[in-house]
Amino acid sequence: MNTAVVRLIAGRIVIAILTLLFVSLAVFVGTEILPGDVAQAVLGQNATPEAVAGLRHALHLDQPAYIRYFLWLGSLLSGDPGRSLVNGLPVATLIASRLPNSLMLAFVTAVICVPIALMLGILSAVWRGSRFDRAVSFVTMSIISVPEFMIATLLVIVFAVNLRWFPALSYAAGKVSLDQFFRLFALPVLTLTCVMIAQMMRMTRAAVIDTLRSSYVEMAVLKGASPIRVVLTHALPNAIGPIANIVALNLSFLLGGAIIVEVIFNYPGLARLLVDAVSTRDMPLVQACVMIFCATYLFLVMLADISGILSNPRLRHR
Amino acid sequence: MKNDQTITVIDTSPPRRLRLPVAGMVGAGIIGFWILIAIIGPYIAPHEVGALVDDDLFGHMRWSLPLGSDYLGRDVLSRILVGARYSIGAAGAATFLAILMGGTLGMLAAVSRGAIDMALSRFFDALISIPSKMSALVVIAALGSSIPVLISTAAVIYTPGAFRIWRALAVNVNELDFVEVARARGEGTHYLIREEILPNIAGPVLTDFGLRFVFAVLLLSSLSFLGLGVQPPNADWGSLVRENIDGLAGGAPAVVMPAAAIATLTIGVSLLIDNLPGRWSSTGEH
């Protein structure tokens, strides 16, 4: 570690924070252009003007937009983003009940995907142009080109309808046994895994091929190192930076995929809470969920960039 | 006159042949087929989209109803034929608008350099950091989901990506001598973009159009699948999958076929752009 690297990383963190502020502004503006009066909508048509005015005051709707933005930002940062407009429950409670489920889904998916995707990517890079490489490339291209709900649909037909291994819907209320838990979890995880592996594998392949084309790898081949040795000791250590970058970047793609998967399998995660909030136009809930997703996304992208900086030897040893 | 030999294009592709690999031909064929269907679909549909033609729900495939019937007993084939124009038309319009805005601004940024370039690049960099599904959900939560809102949302979402690619391509051309010559002649920004830059980046930006079109189809059909896209009584392919999702347990063609329609369209475009001669451009997500 030296000052140049520290400065680069600090700069990257500052950019991430500024971007998050920009995103919060965009989310606030996006949700505040809503036509109509929230107070009126909450209280209904029969509310007295005094009651509407009272609620408008309580919700700070009588203040100018920029003050409301800072009030909103403050409440978000203090962990109390208000109450749901639909059922009156605190947004924080709603999110707290769903967030662990989403994290669990993401964690299990990542643990399964990362090793498989990296292995497939490295193998196709080493055997590039072979029949194996072409087959894997075609399959992953197809998976990337179709919507996530299509993958989920196919998996349900194969595994739940034809083979009857897993139930088609994921969530059972109350306590579930460990065995049941795995069976409920299997299809959502499998769907996300397919999508993630396809993307991560393609990027890994490209990164490793890039390294294999470099002159020090050519040198290693020329001096007679075995293909395995060339890949493991010469190419891979230099590809670790790009690969770490790819892993972090792909974990951020998981967020988008989770929306579809949670809805199709009826999984009680944060993404389904968000989709429900959008369809009922429950703005405080939409704002809070979107901010959580965007913050996670920005954090992962920042992590990807930082691992890129750290793995660059020209920056590390200067 | 020998003067016809004007300073030509920096053509990186091998000598111009319109010969595509087989996979590319297949892709082009699929795209042509679906565009034709999007145009003539409603006229060749065997049944009215809303007509109840089958007593069975989720009827199987047979001669009178080639793709079976849906959850109300309507003809799936007709609904797919009519839905084509929502899926393809909306995504195509959104992509076109995104490229129009992003591309124009991208070339403008490249040609004018300096402060304008800085400001536009920073702005779009910030915009691109919002995941596409999140921006779509926020806008739909605020404005509802009519078709114009869906098209403009998707257009705005894919504008920053288009800006980046077009700017990068235009910056490369902008460095070349013939652009400097034109600038020294005193040509204006508009002329530089139209006559010098645009003709020389036409190839790669067509690839970019294809890629962005696939993203737009995926985004819009996913939104419809979530029930937040095209609203009944209209239905695009994503809505068809959603409304027939109950048939999934029985493996009904009503849920498989619209999904297959989306898949063939997007895989067709990917096949074509992956097999264009010279690997014109490549991009990641967004």
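Small disclaimer: the values here were computed from a predicted structure and weren't measured.

A.B. asks: Quick question: what am I supposed to make of the overall build of chain B here?
C.D. replies: From N to C terminus, chain B includes nine helices and zero strands. Starting at the N terminus and ending at the C terminus, chain B contains elements arranged as α-α-α-α-α-α-α-α-α. Per-residue burial over chain B gives 51% buried out of 286 residues.

A.B. asks: Can you help me understand the pattern of salt bridges in this one?
C.D. replies: Charged atoms that come close allow side chains of opposite charge to pair. Summed over the entire model, instances satisfying the criterion amount to 11 salt bridges over all chains. Of the charged contacts in the structure, one is a salt bridge between Arg12 of chain A and Asp305 of chain A, with a shortest N-O distance of 2.6 Å. One end of the pair, Arg12 of chain A, is in helix α1 (residues 3-32); the other, Asp305 of chain A, is in helix α12 (residues 283-310), with 293 residues separating them in the sequence. A salt bridge links Glu243 of chain B to Arg79 of chain B; the nearest nitrogen and oxygen atoms lie 3.0 Å apart. Within this pair, whereas Glu243 of chain B is found in helix α8 (residues 237-243), its partner Arg79 of chain B is found in helix α2 (residues 76-112), the two being separated by 164 residues in sequence.

A.B. asks: For this particular structure, what's the right way to read the environment of Val22 of chain B?
C.D. replies: Locating Val22 of chain B in the fold gives a position in helix α1 (residues 22-44). Along the backbone, Val22 of chain B and Leu271 of chain B are 249 residues apart, and their C-alpha atoms lie at a distance of 9.7 Å.

A.B. asks: Is there a simple way to explain the packing of helix α6 (residues 131-145) of chain A against helix α9 (residues 253-274) of chain B in this structure?
C.D. replies: Any two packed helices are characterised by how steeply their axes cross, that is the angle between the axes, and by the distance between the axes. The geometry of α6 of chain A relative to α9 of chain B is characterised by a closest axis approach of 9 Å and an angle of 130° between their N-to-C directions. Considered as vectors, α6 of chain A and α9 of chain B are oriented oblique to each other. In the crossing of α6 of chain A with α9 of chain B, the sense of the turn from one axis to the other is right-handed. Note on element contacts: α9 of chain B touches α6 of chain A through Thr266, Ile267, Ser270, Leu271 and Asp274 of chain B, opposite Phe138, Met141, Ser142 and Ser145 of chain A. For the contact of α6 of chain A with α9 of chain B, the class distribution of residues is four nonpolar, four polar and one charged.

A.B. asks: Whenever I open this one, the packing of aromatic side chains confuses me. Can you help?
C.D. replies: Ring pairs (aromatic) are described by centroid distance and by the angle formed between their planes. Applying the stated rule across the entire model yields 12 aromatic pairs over all chains. Seen from their ring centres, Phe22 of chain A and Phe123 of chain B are 6.3 Å apart, and the 90° between their planes marks the pair as edge-to-face. Pair noted here: Phe22 of chain A is in helix α1 and Phe123 of chain B is in helix α3 (residues 114-128), and the two residues belong to different chains. Among the residues examined, Phe22 of chain A registers a relative accessible area of 24% and is labelled partly exposed. By relative accessible area, Phe123 of chain B is classed as partly exposed at 42%. Between Tyr69 of chain A and Trp72 of chain A, the aromatic rings sit 6.2 Å apart at their centres with planes inclined by 40°, giving tilted as the arrangement.

A.B. asks: What's the story with the interface of chain A and chain B in this structure? I'm lost.
C.D. replies: One frequently used descriptor of interface size is the decrease in accessible area upon assembly of the parts. Taken residue by residue, the interface counts 43 residues in chain A and 42 residues in chain B. Interface area, chain A with chain B, both sides summed: about 3,400 Å², of which 82% is carbon and sulfur. Taken together, the connections running from chain A to chain B amount to one salt bridge. For Glu148 of chain A, the salt bridge identified is with Lys133 of chain B, shortest N-O distance 3.4 Å. At the surface where chain A touches chain B, the tally comes to one residue pair in polar contact (both at pLDDT 80 or more). Elements supplying a minimum of two residues to the side of chain A that touches chain B: α1, α6, α7 (148-162), α10 (227-264), α11 (270-279) and α12 of chain A. Residues that form the side of chain A that touches chain B fall into these classes: 32 nonpolar, eight polar and three charged.

Conventions we followed
Residues numbered from 1 in each chain as written. Chains lettered and ligands numbered in written order. Predicted model: local features only at pLDDT ≥ 70, side-chain atom pairs only at ≥ 80, totals over all residues. Heavy atoms only, no water. Helix = DSSP H or I, 4+ residues; strand = E, 2+ residues; numbered from the N terminus. Buried < 20%, exposed > 50% of the residue type's maximum accessible area, 1.4 Å probe, protein only. Salt bridge = Lys/Arg side-chain N within 4 Å of Asp/Glu carboxyl O. Axes fitted to C-alpha atoms, helices over the stretch in contact; angles between N-to-C directions. Parallel < 35°, antiparallel > 145°, perpendicular 65-115°, else oblique. Left-handed = near helix turned anticlockwise from the far one by under 90°. Contact = heavy atoms within 4.5 Å. Nonpolar A, V, L, I, M, F, W, Y, C, P; charged D, E, K, R; others polar. Phe/Tyr/Trp six-rings, centres within 6.5 Å; stacked < 30°, edge-to-face > 60°. Buried area = accessible area lost by both parts, 1.4 Å probe. Polar contact = N/O pair within 3.5 Å; in protein donor to acceptor, adjacent residues only side chain to side chain.

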